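This is what each chain is made of:
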Amino acid sequence: MATWKWFIPAAIAASFAAPRAEAVVGGRPNVLVILSDDQGYGDVSAHGNPVLKTPNLDKLRSESFRLTDFHVAPMCTPTRGQLLTGLDCLRSGASSVCAGRSFIRRGTPMMPELFKARGYRTGHFGKWHLGDSYPNLPHQRGFEETVYHLGWGITSMADLWRNDCFDGRFAHNGKLKEYPGYCTDVFFDEAMNYMRKRDEENRPFFVYLPTNAPHGPHWVDPKYSAPYREHKGVAEFFGMIANLDENLGRLDKFLEETKLAENTIVVYFNDNGGTGGVNLFNAGMRGRKTQYYDGGHRAMCFIKFPDESWAGPTRDIDQLTHVQDLFPTLVDLCGIDGPGNAKFDGVSLMPLFGKESKKLPERTLVVQYGQNPVKWESCVLRDKWRLVHGEELYHVGRDPGQEKNIAAELPEVVKQLREHYEKWWAEIEPRLQDFSPISIGAPQENPVTLTAADWTNVYCDNMNNLRAGKNENSAWVVQVEQAGDYEIELRRWPREADAPIAGGVPPFQPKVGKPLAAGVALPITSARLQIGASFDESQPVKADDKSITFRTKLAAGKTTMQSWFYDAEGKQLSGAYFTYVTRK
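Residues numbered from 1 in each chain as written. Predicted model: local features only at pLDDT ≥ 70, side-chain atom pairs only at ≥ 80, totals over all residues. Heavy atoms only, no water.

Chemist: Looking at this model, I keep getting lost on the packing of helix 6 (residues 183-200) against helix 8 (residues 235-257). Mind explaining?
Modeler: Describing two packed helices takes the angle between their axes plus the distance from one axis to the other. Two elements in contact, helix 6 and helix 8, have axes whose closest approach is 10 Å; the angle formed by their N-to-C orientations is 15 degrees. Relative to helix 8, the element helix 6 is oriented roughly parallel. The two elements helix 6 and helix 8 meet at a crossing, and its hand is right-handed. Judged by residue contacts, Thr184, Asp185, Phe188, Asp189, Met192, Met195 and Arg196 of helix 6 engage Asn243, Leu244, Asn247, Leu248, Arg250, Leu251 and Phe254 from helix 8. Of the residues contributing to the contact of helix 6 with helix 8, the split by class is 7 nonpolar, 3 polar and 4 charged. (Axes fitted to C-alpha atoms, helices over the stretch in contact; angles between N-to-C directions. Helix = DSSP H or I, 4+ residues; strand = E, 2+ residues; numbered from the N terminus. Parallel < 35°, antiparallel > 145°, perpendicular 65-115°, else oblique. Left-handed = near helix turned anticlockwise from the far one by under 90°. Contact = heavy atoms within 4.5 Å. Nonpolar A, V, L, I, M, F, W, Y, C, P; charged D, E, K, R; others polar.)

Here it is, written out as structure tokens:
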């Protein structure tokens, strides 16, 4: 059993209770960050939800500092990138769930890389959603141990064909493996096993536990959804949260029994605004996931410390904060050096802890994300002011439901917030079309699978899009890592489906829950591939063709690649949803 002592930077230690002075010398605390997927601020019984029961999350909340004006992005990938880089998502590059914008820009320091470099063991268990191939996978960005699914989750375009929430196939450090049991149970089990081993080694750890629950598909054991059957449209969604809550209870018991609770910081928050439960209860807020009203980006954030004697009593902290603050805060709390000369868009929240919360300097924040970001599609925040879309002004302290636009009454406030945004946008805009490329031809991963999820500036990112034959198309931005001979294999269905390009596929029935619809046939008769300005060829597609392969030489460097499937009249029906690129 480890017996690390708590470390606090000397400049801050004096503001805490004197009896802890001796305990700030020595080792470093563990860090456990838990991030739920598509759970809203209102999807907690302690926040007033009249139906949902979350006793274990309520307990964690009661034992934590509660950031009650905490903000994330209105969708999940941007929030995840902001957490792990401390940067606004339009700056880091990971501004969307797909559309070629789900990657962190190369060379950007990430939290697990920093913790690993400073002697921490690093583990990740669950959702990643910051890239599905080299060099963007979690074990290539600082996590020494990782178990994850691809894409945004089960049934995403990038995930495995016919994957399931039960007995799912996940990647362990890049190698596929089947894990018996329910997905959320698996991720918690793997995280607890990892923490137990690190404790036995007497090594501090940074563990990131981002669940794919309660994001769809809402496939869950009926015993969890049964208590909510009478409430239309929320039973399975709430059932997934009930299972998540049960796992939080198991985790709490584990931390107490191993005494890891005595030296582990626990952070819990959700990744975007409400989804499945907002029509029932949204904590009085306007908006939901994807939207720029508070209901789209205000999130719960609970920070539990091992010892209240220095941190002070747990309490609500109603100061403006955002997810970009967590990286610099955890660096400070653990007393480790920051990432060189890199700058954060967030700030350390250390002044908020202690016997009394100090006031942070006034700050103005911008919430914006997007698959093709446009100026003013945003929310600018200062204290309780919200400027939505550059035109609508609300004061959520007086109008939490954002019902009355008071922009015409307070033009000076609007002017100040717009001026801040203009300066911010001027920094951001020049690189918005500078996509982080997908590597092809690298020895670390060859062949590489490209999916429609990463077509630039468009959305085609789930199995329902695939099965419906969504007519969407755009280019991939790729980095040819080594010059040479390449084979590019175009498919409508993934290799595992073993289905003709023009044919359909049967429905998929998961172990529990609603099936995925049958995949429709499309009258595809030809395929085309274009690479940069140097290659543009077409081939016929016969009725029984499962793939069409092109061969060419490619020079090293950044370029674009785009595919098309056409009917007999030359009309586009789609792009190749799956493309396999091999350097020979």
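Chemist: Explain the sheet that holds strand 15 (residues 379-382) here, please?
Modeler: The strands making up a sheet are joined through hydrogen bonds of the backbone, oriented either antiparallel or parallel. Sheet architecture is open: 4 strands sit in the order 14-15-16-17, paired in antiparallel fashion. Looking at the sheet topology across the chains shown, the edges are occupied by strand 14 (364-367) and strand 17 (392-395). Each neighbouring strand pair of the sheet contributes to a mean axis angle of 20 degrees, computed without reference to strand direction. Two strands pair when backbone bridges link them, and strand 15 and strand 16 (residues 385-388) are joined in this way by 4 bridges, in the antiparallel orientation. Residue Cys379 lies in a different strand from strand 16, and its bridge partner there is Val388. Docked against the sheet, helix 12 (residues 411-428) engages strand 14, strand 15, strand 16 and strand 17, running at close to 115 degrees with respect to strand 15. (Pairing = 2+ DSSP bridges.)

Chemist: Where do I start with the environment of Met110 in this structure?
Modeler: Position of Met110 among the secondary structure elements: in the loop between helix 4 (89-92) and helix 5 (111-117). Residue Met110 is classed as buried on the basis of its relative accessible area of 1%. In sequence terms Met110 and Leu87 are 23 residues apart; their C-alpha atoms lie 9.9 Å from each other. Once residues lying within four places of it in the same chain are set aside, the contact partners of Met110 are Leu84, Thr85, Ile104, Trp128, Leu130, Arg141 and Phe327. (Buried < 20%, exposed > 50% of the residue type's maximum accessible area, 1.4 Å probe, protein only.)

Chemist: How should I be thinking about the layout of surface pockets in this particular structure?
Modeler: The method is simple in principle: a probe with the dimensions of a water molecule rolls over the atoms, and the space it marks as empty is what remains. Taken as a whole, the largest pocket spans an internal volume of roughly 710 Å³. Going through the elements one at a time, strand 6 (169-172), strand 7 (175-178), strand 19 (448-451) and strand 27 (578-583) are the ones with two or more residues in the lining of the largest pocket. What the second largest pocket holds in volume is close to 520 Å³. Trp152, Gly216, Pro217, His218 and Asn464 are the residues nearest the centre of the second largest pocket, which is lined by 21 residues in total. Residue composition of the lining of the second largest pocket, by class: 9 nonpolar, 8 polar and 4 charged. (1 Å grid on protein atoms, 1.4 Å probe; cavity = no way out; pocket = protein on both sides within 12 Å on 5 of 7 lines; lining within 4 Å. Points joined across faces, edges and corners; volume = space filled by probe spheres on them.)

Chemist: What am I meant to see in the sheet that holds strand 3 (residues 70-71) here?
Modeler: The 3 strands lie next to each other as 10-3-13, forming an open sheet whose pairing is mixed. Because the sheet does not close on itself, it has two edges, and the strands there are strand 10 (298-299) and strand 13 (321-322). Two strands pair when backbone bridges link them, and strand 3 and strand 10 are joined in this way by 2 bridges, in the antiparallel orientation. Each residue of the ladder has a partner; that of Phe70, found in strand 10, is Ala299.

Chemist: Would you mind showing me how to read the side chain of Arg66 here?
Modeler: Along the chain, the position of Arg66 falls in strand 2 (residues 65-67). Residue class for Arg66 comes out buried when judged on its relative accessible area of 12%. In terms of polar contacts, Arg66 uses its side chain to reach the backbone carbonyl oxygen of Arg61, at 3.0 Å. With sequence-adjacent residues up to four places away left out, Arg66 is seen in contact with Arg61, Cys301, Phe302, Thr314, Arg315, Asp316 and Ile317. (Polar contact = N/O pair within 3.5 Å; in protein donor to acceptor, adjacent residues only side chain to side chain.)

Chemist: Whenever I open this one, empty space enclosed by the protein confuses me. Can you help?
Modeler: All chains considered together, the criterion is met by 7 cavities of 30 Å³ or more. Its volume calculated, the largest cavity comes out at about 130 Å³. Along the walls of the largest cavity sit Ile34, Asn56, Lys59, Leu60, Glu63, Leu248, Gly249, Leu251, Asp252, Leu255, Val266 and Lys304, which together make up its complete lining. Of all the elements in the fold, those that place two or more residues in the lining of the largest cavity are helix 2 (55-62) and helix 8. Ranked by the residues each element gives to the lining of the largest cavity, the list is headed by helix 8, at 5 residues. Here the lining of the largest cavity is built from residues that sort into 6 nonpolar, 2 polar and 4 charged.

Chemist: Which parts of the structure should I look at to understand the pairing of strand 27?
Modeler: Along any regular strand the residues' side chains alternate between the sheet's two faces. Most of strand 27 is tucked away: 6 of the 6 residues are buried. Every second residue of strand 27 is oriented toward a common face, with Phe578, Tyr580 and Thr582 on one face and Thr579, Val581 and Arg583 on the other, all of them buried. Here strand 19 runs beside strand 27; their pairing, made up of 4 bridges, is antiparallel. Along strand 27, the bridge assignment pairs Thr451 with Phe578. With 6 bridges connecting them, strand 21 (residues 484-491) and strand 27 associate as antiparallel partners. From the neighbouring strand, Glu489 faces strand 27, where its bridge partner is Tyr580.

Chemist: Sorry if this is basic, but what is going on with unusual backbone geometry here?
Modeler: The bulk of non-glycine residues show a negative phi, and the bulk of peptide bonds are trans. Going from Tyr134 to Pro135, the amide bond is cis rather than trans, its omega being 0 degrees. Note on placement: Pro135 falls in the loop between strand 4 (121-126) and strand 5 (145-148). Geometrically, the link from Gly216 to Pro217 is a cis peptide bond, its omega value of 0 degrees lying close to zero. With respect to the helices, strands and loops of the structure, Pro217 is situated in the loop between strand 8 (205-210) and helix 7 (222-225). You will see that Lys259, though not glycine, has its phi angle at about 65 degrees, which is positive. Take Lys259: it is sitting in the loop between helix 8 and strand 9 (264-270). Judged by its relative accessible area of 43%, Lys259 is partly exposed. The backbone phi angle of Asn457 is positive, close to 65 degrees, even though this residue is not glycine.

Chemist: Help me understand the confidence of the model for the chain in this model?
Modeler: In low-pLDDT regions, the fine details of the predicted coordinates are not to be read closely. In this model, the chain carries an average pLDDT of 93, and 95% of its residues clear a pLDDT of 70 or more. Low confidence marks residues 1-26, where pLDDT is under 50. Its contacts with residues over four positions away, or in another chain, come to 56 contacts. (pLDDT = per-residue confidence, 0-100.)

Chemist: Could you clarify how one ought to interpret the nonpolar core in this entry?
Modeler: The nonpolar side chains of a soluble globular protein tend to be buried with one another. Leu32, Met195, Leu251, Tyr268 and Met561 are the most contacted members of the largest nonpolar core, which has 130 residues in total. Here this core takes 11 residues from helix 8, the largest share from any one element. If you look at the next biggest cluster of nonpolar residues, it comprises 43 residues, including Phe206, Val323, Val331 and Leu349. (Core = buried A, V, L, I, M, F, W, Y, C linked by side-chain atoms within 4.5 Å.)

Chemist: Whenever I open this one, helix 2 confuses me. Can you help?
Modeler: An α-helix turns once every 3.6 residues. As a result, residues three or four positions apart point the same way. If you check which residues of helix 2 are buried, you get Leu57, Asp58, Leu60 and Arg61. Down the axis of helix 2, the buried set is contained in an arc of 160 degrees. They therefore lie on one face. Its buried side turned inward, helix 2 meets strand 2, helix 8, strand 9, strand 11 (301-304) and strand 12 (316-317). (Arc of directions from axis to C-beta.)

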